[in-house]
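# Structural overview
Next come the chains, spelled out residue by residue.
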Amino acid sequence: MPTSLDLTQRAALVTGAGRPLGRGLASALADAGARVAVTGAPAKGDDRLAPVTGSLATRADADALLERAHAALGTAVDVVVHADVAWATPQPFTDVDDEQWDATWEGTMRATLFLFQAAFPAMRARGHGRFMVVTPTLSMSGAAGLAPLAAAVEGQRLLAKSAARQWGGHGITVNCVAPGPEAVSDEVHADAVSLAPPALGRSGDPHDDLGPIVTFLASDAGHFVTGVTVCADGGVWMAP
Amino acid sequence: MSTSAPLEARVAIVTGAGQGVGRGIAHALALRGARVVIAARRAATGEPVADEIRARGGEAVCVVTDVTCRDDVAACVDTTVQRYGGLHVMVHNAFRGGQGHRLEDVDVDIWDQNSRTAVWGSYYCAQLAFPHLRDAGARGRLVLVTSPSGVEGSVNIPLYSPVKAAQRAIAKSLAREWGEHGITVNCIAPVAETPALTQAFSANPVLKERLEARTPLGRVGDAERDIGAVVAFLASDDAGYVTGQTIVCDGGSFTGL
């Protein structure tokens, strides 16, 4: 029975490590023994994390990024954590223009699709793979002033479910981890989506609170969980 | 309190109303007294639906509209307001891009069709209708037509799911944002007899049996009686306290909400 949380055989790519969210998740995977490449890494940080540069603007960019991660880690990536969530400022929907809609909706969705597509061949060849997407709960709750971001995040969440359905036969799981609204904006708080405060009394720390969930989903122990969203918001949204 | 014409004095736009679910919704709204604008990409499909409604004693006009084009949607809204004096109900149903595909090698053109019609179309319809929905106050309604696939994912048409999901997130967000004006924003997630589904059934006859077998009510929905009636309810005064929701109209097949 595969129950290990050990990730020493795993090679991970974590996007969005320029912010505490991605950086905390990347460090948590490294704690469990994974070799970890990161995008958006700050100059000073966890020296276990291998910074790689690149973008997800096109499929070719995504392929190149995965190749660089492969080179940096010495092995093909079999764990992808897409934590590059857009930071957003609420604004009236009537003020949103096509350029913003394009950047938020198209930009987020295309990047996620290209990342999935670029990482898939090596996972299929290995018969093993783990995708995780960080999808803040505001997509499930909706958020005034943040419709474009909510649309993009919910799109990611369902892209993950569809990928889980299509790729399960290759030993690939695809899941989402949903932190609270504070993960995307200083201006949207838990009380915007629930009258109740976080059941656990506080919002989460990326490394200490969300890290273990990502580690579990990346591990052998998490092998039978796919297509789900784990809400890791301290008990605010409590979605089904 | 319902009346026999609960949508009397209401003006509605239905996109993609030239066929299928949109046509059914347009008929259902018109039957209950609404004046309906058939926003169809092609006059060849839209005009006959407007004719059908008028032949049944209703009021309708076709305005050729490509929902992926901001100017088209703006012109449709302007024409509607000029002709009928306002706009109370915007129903975005138009969709293109349902052909099967594999995620690993799907052509970006398929993504574009899905994204442009479902999501950009929702954005344009919502944003351009808003000033008139606000004027309509407690009678302002935005209804987005989504799908059970937007909640459960899809193994055959994987890119369909994220665009349908995005519509739900837009609806929830706008429900929160526009509630102060009395505007309600909801989704319906139908499964109904449409030209696309009929085509899929003829290509794969087992599909219909399988669909009916997993549906508690044992049949595929009728676009006007089963789906249109639910949109008509959402458009009515009776549904004025329902917002941010997705009503699944599929005979009970999907129970995941």
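This section reports on the structure supplied with the text.

Reading guide: rules and limits
- Residues numbered from 1 in each chain as written.
- Chains lettered and ligands numbered in written order.
- Predicted model: local features only at pLDDT ≥ 70, side-chain atom pairs only at ≥ 80, totals over all residues.
- Contact = placed C-beta atoms within 7 Å.
- Helix = DSSP H or I, 4+ residues; strand = E, 2+ residues; numbered from the N terminus.
- Nonpolar A, V, L, I, M, F, W, Y, C, P; charged D, E, K, R; others polar.
- Core = buried A, V, L, I, M, F, W, Y, C linked by C-beta atoms within 7 Å.
- Buried ≥ 20, exposed ≤ 12 C-beta atoms within 10 Å, placed from the backbone.
- Pairing = 2+ DSSP bridges.
- Axes fitted to C-alpha atoms, helices over the stretch in contact; angles between N-to-C directions.
- Parallel < 35°, antiparallel > 145°, perpendicular 65-115°, else oblique.
- Left-handed = near helix turned anticlockwise from the far one by under 90°.
- Expected span 1.5 Å × (residues − 1).
- Right-handed = clockwise from strand over helix to strand, strands pointing away.

### Comments concerning the interface of chain B and chain A
Across the boundary between the two partners, chain B contributes 32 residues, which contact 34 residues of chain A. Elements supplying a minimum of two residues to the side of chain B that touches chain A: α4 (108-136), α5 (149-152) and α6 (160-178) of chain B. Considering each element in turn, the side of chain B that touches chain A owes the most residues, 14 residues, to α6 of chain B. For the side of chain B that touches chain A, the per-class residue count stands at 16 nonpolar, 8 polar and 8 charged.

### Considerations on the nonpolar core
Formed by 168 residues in total, the largest nonpolar core has its most connected members in L29 of chain A together with L29, I38 and V231 of chain B. When sequence neighbours within four positions are dropped, the list of residues in contact with V231 of chain B reads I25, A28, L29, V91, V143 and I188 of chain B.

### A word on the sheet that holds strand β1 (residues 11-15) of chain A
Sheets are built from strands paired through backbone hydrogen bonds, the pairs being either parallel or antiparallel. Residues and elements named next belong to chain A. A sheet is described by the order of its strands in space; here 7 strands give the open sequence β3-β2-β1-β4-β5-β6-β7, paired in parallel fashion. Lying at the two open borders of the sheet, with one neighbouring strand each, are β3 (49-51) and β7 (229-231). Adjacent strand axes in the sheet meet at a mean angle of 20 degrees when their direction is disregarded. Note: β1 against strand β4 (residues 79-82), 4 bridges, orientation parallel. Residue pairing in the sheet places T15 in a bridge with H82 of β4. On the sheet, helix α2 (residues 59-73) packs against β1, β2 (35-38) and β3 and is oriented at approximately 140 degrees with respect to β2.

### Some details on the environment of I13 of chain B
Residues and elements named next belong to chain B. With respect to the helices, strands and loops of the structure, I13 is situated in strand β1 (residues 11-15). The spatial distance from the C-alpha of I13 to the C-alpha of M90 is 5.0 Å, given a sequence separation of 77 residues. Residues contacting I13, with those up to four places away along its chain left out, are V37, A39, C76, T80, L87, M90 and V91.

### A word on the packing of α2 of chain A against helix α3 (residues 98-126) of chain A
All names here are of chain A. Between α2 and α3, whose axes approach to 8 Å, the crossing angle comes to 50 degrees. Judged by the inter-axis angle, α2 sits oblique to α3. Of the two elements, α2 crosses α3, and the hand of that crossing is right-handed. Where α2 abuts α3, its residues R59, A62, D63, L65 and L66 lie against F114, L115, Q117, A118 and A119. Of the residues contributing to the contact of α2 with α3, the split by class is 7 nonpolar, 1 polar and 2 charged.

### Looking at the sheet that holds strand β2 (residues 35-40) of chain B
All names here are of chain B. With parallel pairing, the 7 strands of this open sheet are ordered in space as β3-β2-β1-β4-β5-β6-β7. Of all the strands in the sheet, the pair left with one neighbour each is β3 (59-64) and β7 (246-249). In this sheet, neighbouring strand axes are inclined to one another by 20 degrees on average, regardless of whether the strands run parallel or antiparallel. Across 6 bridges, the pairing between β2 and β3 is parallel. Across the sheet, residue V37 finds its bridge partner in β3, namely V61. Each of β5 (141-145), β6 (184-190) and β7 touches α6; the most contacted strand, β6, lies at about 160 degrees to it.

### Concerning helix α2 (residues 43-55) of chain B
For α2 of chain B, with 13 residues, the first-to-last C-alpha span of 17 Å sits near the 18 Å given by 1.5 Å per residue. Residues of α2 of chain B that are buried in the fold lie against α1 (20-31), β2 and β3 of chain B.

### A short note on the pairing of β1 of chain B
Residues and elements named next belong to chain B. Across the 5 residues that make up β1, a large majority, 5, are buried. Across the two faces of β1 the burial is the same, with V11, I13 and T15 and A12 and V14 all buried. Alignment of β1 against β2, held across 5 bridges, turns out to be parallel. Across the sheet, A12 pairs through a bridge with V36, a residue of β2. In terms of handedness, the path from β1 via α1 over to β2 forms a crossover that is right-handed. Pairing analysis gives 3 bridges linking β1 to strand β4 (residues 89-92), with the strands arranged parallel. Looking at the pairing, V14 lines up with V91 of β4.

### Focus on the packing of α4 of chain B against α6 of chain B
Residues and elements named next belong to chain B. For the pair α4 and α6, interaxial distance at closest approach is 8 Å and the crossing angle is 15 degrees. Put simply, α4 runs roughly parallel to α6. As for how α4 packs across α6, the hand of that crossing is right-handed. For the pair α4 and α6, the contacting residues are N114, S115, A118, V119, S122 and A126 in the first and Y160, V163, K164, A166, Q167, I170 and L174 in the second. Each residue belonging to the contact of α4 with α6 can be placed in one class, and the counts come to 8 nonpolar, 4 polar and 1 charged.

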